[in-house]
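Inside the fold
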Amino acid sequence: MGSAQETYLPSLPSRQAYLDYLDGYAVERADELRVAKTKRALVKTFLFETVAQDQEAPDALTAFREAGVVLDPVDETLFTAKPAGSREIWGLVELLERRHPVLYTFLESTEARRWWHGIIYGSPWLDRVWLSAPIFTALWEYVRRTSSPHRFSKLTFEYEARFEMDENGWDVLTQGEDGDETDEELEAIEPSDESDQRPERRSSRCTVVERVSEIQARLARLQQVYRPFHSITQLRIPAPSRGGHDFYFDGRVTNRSDSFLDHRQQVAFVLRLYREATESAEQALWMSAERTGDEANQAYRLHGAPVVMRFSEPLSEGVFERWMSAMFARRSRFRIWGNPISLGPNHVHVYGIDRHLWQPIYLEFTRRHAMAILPKGTCGNTVHRLVTNIQRFVDAEVKTWIGETEYSSVVNRSLTTRAR
Amino acid sequence: MTGSALRDPIYQLNFVLWMLEEFPPAAPTRPLLRQMGYTLHSLGGGLPMPPELRVRIHEVFEGETGRRLYLIPWDPSVSQTPEERQLCQRILFERVLAEALALAGRACVPGEVHFPVDTLLDRATFTLARRWRARQDIKHITHTIHRFLRVTIERHPRKFATRWDAMIRTLVVPMGSAGEHGELLRALEEGQPAEWLKGRDMQQPELFEDGAER
């Protein structure tokens, strides 16, 4: 970690003073990036989901405080933030969008992510924002329409056939392997050749930095010939002058532009898109019974629709079995608890719970599809998380429907509303 | 799928509900009932399956997709084969356990976790348990829920001391620390409704049931 002066924020009297400070910091880092790799950290933003629609949920500030974050108000929606026991200001929390607060920091990357993990795991009311491939596809469309064709953008595609056997036919999946990022993983995202003992199986990670026009001309063809190109996990939205804003699938954003104000504006734009998509999905999905008729002739009507995720081709029996045996393990990345009920080969039902937000979810799995029912109140963020993880580890080209509407249409509709 | 499943009223009720559901055109199951012009506005305990629909069930559930998730897990007033009843009761208890985990996962530490058995049953049935005909059934089932949760929690090595508050029909578990909270979650996650229900039938109250609660 750098010196305190480089890592922590000073105590300033007003929102404007903080915005000016962060804007000036962004200009300095962008200048350094032009000539060499900057030795100081860039501004990183972490996007949160607060489950704000749940009537039992505390407000966002209480959720942060329960997770061990000390907040001091700068004004009504901006707060300085630090872990309990620290005297330094580690970052700023802003209530930028209803149900989606954000954390700005220029802690060094590993340190920042560790703090962020700690906050999320410290509260059942906070989750990451999960940007799935259909959301990135909609955002790419926004980039294509709003950026000059000669500007550079960046796309990362990531897919790992985690539930396949390795090339020798060994079943190499362990419970720990499917867990969330460990501290070691955070330290060493790119392992050295010697230390990389990961099993050999289908896995693709590819980053393309190219002019917007070039990406647009080739992306559809790439996706046609190689499925992992459907699994977008990172996108750079170009800034008006130089650099851009790197959005990651798990709700991280890095400011590589020379303007913090533009960074904040792009983050707000993506969050509004995300909120509208999530709320549209919740409206369609929430399963509940409503009483109709009078006392003498009362009846109930069920409302709601399922999420259906259809795989691009049937999973092999081996992949299906390994996925099901790993999916509900305690450290599984999917973070869903449940006792699988086997209804025959290749058919599993689970009446379980989202182990992060502690909300019920009912699931069906076959080799051809996964289906989910969300009882009323269960956060739509769970769907984004499920889609993102299935796309990264099971089927990069999975197609999802929210009731009768394709998930990508729900996202696109939210983007269109935003763009007006 | 066995022939007995097709004849099971709870299965048929769920089938009808799914057929009225909105589905994408390319989904594995399509709303045949809706296409056929059926509309249903009320749910009956002993829903008879029209003969023509039995043919449809075979058509839809041919191949691997099999039976859908149960929207209505169980109804004690409906007569079922022992196998079907066992499956439906297990589904009900899996859902109750998920609801109990939801309460425990969000509990404040230190403090008490409250498991109100009527609320758990309500949530596990989308509130439709209120429509069950026999009130005695509900009392018996909530009693079984209470015992299931108590045994699940108390058998954990941490030896939680639970308390039954009869006034509000709630099982109460005191929690002193974040460590205890984690252990309580683990205890519930290790709950196995299938094991618990072995040899038990909720349609037959046990001897001295009312006096068993504490």
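Residues numbered from 1 in each chain as written. Chains lettered and ligands numbered in written order. Predicted model: local features only at pLDDT ≥ 70, side-chain atom pairs only at ≥ 80, totals over all residues. Heavy atoms only, no water.

**Some details on the overall build of chain B**
Secondary structure assignment for chain B yields 10 helices and 3 strands. In sequence order, chain B lays out its α and β elements as α-α-α-α-α-β-α-α-β-β-α-α-α. Per-residue burial for chain B yields a buried fraction of 53% across its 214 residues. (Helix = DSSP H or I, 4+ residues; strand = E, 2+ residues; numbered from the N terminus. Buried < 20%, exposed > 50% of the residue type's maximum accessible area, 1.4 Å probe, protein only.)

**A word on the overall build of chain A**
Looking only at helices and strands, one finds 11 helices and 21 strands in chain A. Summarising the internal contacts of chain A: among those between residues at least 6 apart in sequence, 65% fall at separations of at least 24. As displayed, chain A has an accessible area near 17500 Å², and 46% of this comes from carbon and sulfur atoms. (Contact = heavy atoms within 4.5 Å. Areas by Shrake-Rupley, 256 points an atom, 1.4 Å probe, with all protein chains shown as cover.)

**Let's talk about the packing of helix 5 (residues 133-146) of chain A against helix 7 (residues 212-225) of chain A**
Residues and elements named next belong to chain A. At a minimum axis distance of 10 Å, the contact between helix 5 and helix 7 shows a crossing angle of 130 degrees. Relative to helix 7, helix 5 is oriented oblique. With respect to the hand of their crossing, helix 5 and helix 7 are arranged in left-handed fashion. On helix 7, the residues that touch W140, V143 and R144 of helix 5 are V212, I215, Q216 and L219. By residue class, the composition of the contact of helix 5 with helix 7 is 5 nonpolar, 1 polar and 1 charged. (Axes fitted to C-alpha atoms, helices over the stretch in contact; angles between N-to-C directions. Parallel < 35°, antiparallel > 145°, perpendicular 65-115°, else oblique. Left-handed = near helix turned anticlockwise from the far one by under 90°. Nonpolar A, V, L, I, M, F, W, Y, C, P; charged D, E, K, R; others polar.)

**Thoughts on the packing of aromatic side chains**
Residue and element names in this part refer to chain A. Within this structure, the stated rule accounts for 19 aromatic pairs over all chains. Relative to W323, the ring of F311 has its centre 6.0 Å away and its plane inclined at 65 degrees; by these criteria the two rings are edge-to-face. With F311 in the loop between strand 14 (307-310) and helix 9 (317-327) and W323 in helix 9, this pair connects stretches of sequence that are 12 residues apart. Taken individually, F311 and W323 each receive the classification buried, so the pair is uniform in this respect. A connected cluster of aromatic rings, assembled from ring pairs, spans F163, F311, W323, F328, F334 and F365. Taking the ring centre of W116 as reference, the NZ or CZ of R128 above it sits at 4.8 Å. When the ring centre of Y248 is taken as origin, the NZ or CZ atom of R252, which lies over that ring, is 4.2 Å away. (Phe/Tyr/Trp six-rings, centres within 6.5 Å; stacked < 30°, edge-to-face > 60°. Lys NZ or Arg CZ within 6 Å of the ring centre and 35° of its normal.)

**Focus on helix 4 (residues 109-121) of chain A**
All names here are of chain A. Over its 13 residues, helix 4 extends 18 Å from the first C-alpha to the last, a length consistent with the 18 Å expected when each residue adds 1.5 Å. Of all the residues in helix 4, the buried ones are T110, A112, R113, W115, W116, H117, I119 and I120. A side-chain oxygen of the first residue of helix 4 lies 3.2 Å from the backbone nitrogen of T110; this N-cap is E108. (Expected span 1.5 Å × (residues − 1). Polar contact = N/O pair within 3.5 Å; in protein donor to acceptor, adjacent residues only side chain to side chain.)

**Comments concerning the pattern of salt bridges**
Side-chain pairs of opposite charge can arise where the charged atoms are in close proximity. Residue and element names in this part refer to chain A. Considering all chains together, one arrives at 30 salt bridges over all chains under this definition. Ionic pairing is found between R205 and E158, a salt bridge with its closest N-O pair at 3.8 Å. Residue R205 is located in strand 8 (residues 203-211), and its partner E158 is located in strand 7 (residues 152-160); the two are separated by 47 residues in the primary sequence. Overall, E158 belongs to the buried group, its relative accessible area being 18%. (Salt bridge = Lys/Arg side-chain N within 4 Å of Asp/Glu carboxyl O.)

**Let's talk about the pairing of strand 5 (residues 100-105) of chain A**
Residues and elements named next belong to chain A. The buried fraction of strand 5 is high, at 6 of 6 residues. In strand 5, alternate side chains face the same way, and those of H100, V102 and Y104 on one face and P101, L103 and T105 on the other are all buried. Two elements, strand 1 (residues 44-49) and strand 5, share 4 bridges in a ladder whose sense is antiparallel. From the neighbouring strand, L47 faces strand 5, where its bridge partner is V102. (Pairing = 2+ DSSP bridges.)

**Remarks on the packing of helix 5 (residues 82-105) of chain B against helix 8 (residues 178-189) of chain B**
All names here are of chain B. Helix 8 packs onto helix 5 with a crossing angle of 175 degrees between their chain directions and a minimal axis gap of 10 Å. One finds that helix 5 runs roughly antiparallel with respect to helix 8. Contacts from L97, A100, L101, A104 and G105 in helix 5 reach H181, L184, L185, L188 and E189 in helix 8.

**Focus: the nonpolar core**
Among the nonpolar cores identified, the biggest contains 84 residues, and A:W323, A:L363, A:F365, A:L386 and A:I390 are the most heavily contacted of them. With 11 residues, the single largest contributor to this core is helix 8 (residues 260-285) of chain A. Setting aside its immediate chain neighbours within four residues, A:W323 contacts A:F163, A:F311, A:L315, A:F334, A:F365, A:I390 and A:V394. Counting residues in hydrophobic clusters, the runner-up holds 60 residues, among them B:L13, B:L101, B:I145 and B:L171. (Core = buried A, V, L, I, M, F, W, Y, C linked by side-chain atoms within 4.5 Å.)

**A word on unusual backbone geometry**
Residues and elements named next belong to chain B. In this model, V109 is joined to P110 through a cis peptide bond whose omega is -10 degrees. Mapping P110 onto the fold places it in the loop between helix 5 and strand 1 (111-116). A positive phi is found at F126, a non-glycine position, where the angle reads about 50 degrees. Position of F126 among the secondary structure elements: in the loop between helix 6 (117-124) and helix 7 (135-154). Look at F126 and you get buried, because its relative accessible area is 6%. With a phi angle near 70 degrees, T127 is a residue other than glycine that sits in the positive phi range. As for its position among the elements, T127 is in the loop between helix 6 and helix 7.

**What about the side chain of A:S132?**
Residue and element names in this part refer to chain A. Looking at the element boundaries, S132 is found in the loop between strand 6 (127-128) and helix 5. At 2.8 Å, the side chain of S132 and the side chain of Y407 are in polar contact. Those residues in contact with S132 that lie beyond four places of it in its chain are H384, V387, T388, Q391 and Y407.

**Description of the confidence of the model for chain B**
Residue and element names in this part refer to chain B. Mean pLDDT over chain B: 77, with 67% of residues reaching 70 or higher. Across residues 29-46, confidence stays below pLDDT 50; counting only partners more than four residues off in sequence or on other chains, it has 45 contacts. For the stretch residues 207-214, pLDDT sits under 50, and the model shows 13 contacts to residues farther than four places along the chain or on other chains. (pLDDT = per-residue confidence, 0-100.)

**Considerations on helix 7 of chain A**
Residues and elements named next belong to chain A. Here helix 7 spans 20 Å end to end across 14 residues, near enough to the 20 Å set by a 1.5 Å rise per residue. Taken as a whole, helix 7 carries its principal kink of about 35 degrees at R218. By the burial criterion, the buried members of helix 7 are V212, I215, L219 and Q223. In this structure, the buried side of helix 7 is in contact with helix 5, strand 7, strand 8 and strand 9 (232-238). (Bend = angle between axes of the 7 residues up to and from the residue.)

**Side note on the confidence of the model for chain A**
Residues and elements named next belong to chain A. This prediction gives chain A a mean pLDDT of 84; 82% of its residues lie at or above 70. In this model, residues 174-179 is a region of pLDDT below 50 whose contacts with residues beyond four sequence positions or in other chains number 20 contacts. Every residue in residues 181-192 scores below 50 in pLDDT, and together they form 17 contacts with partners more than four places removed in sequence or on other chains.

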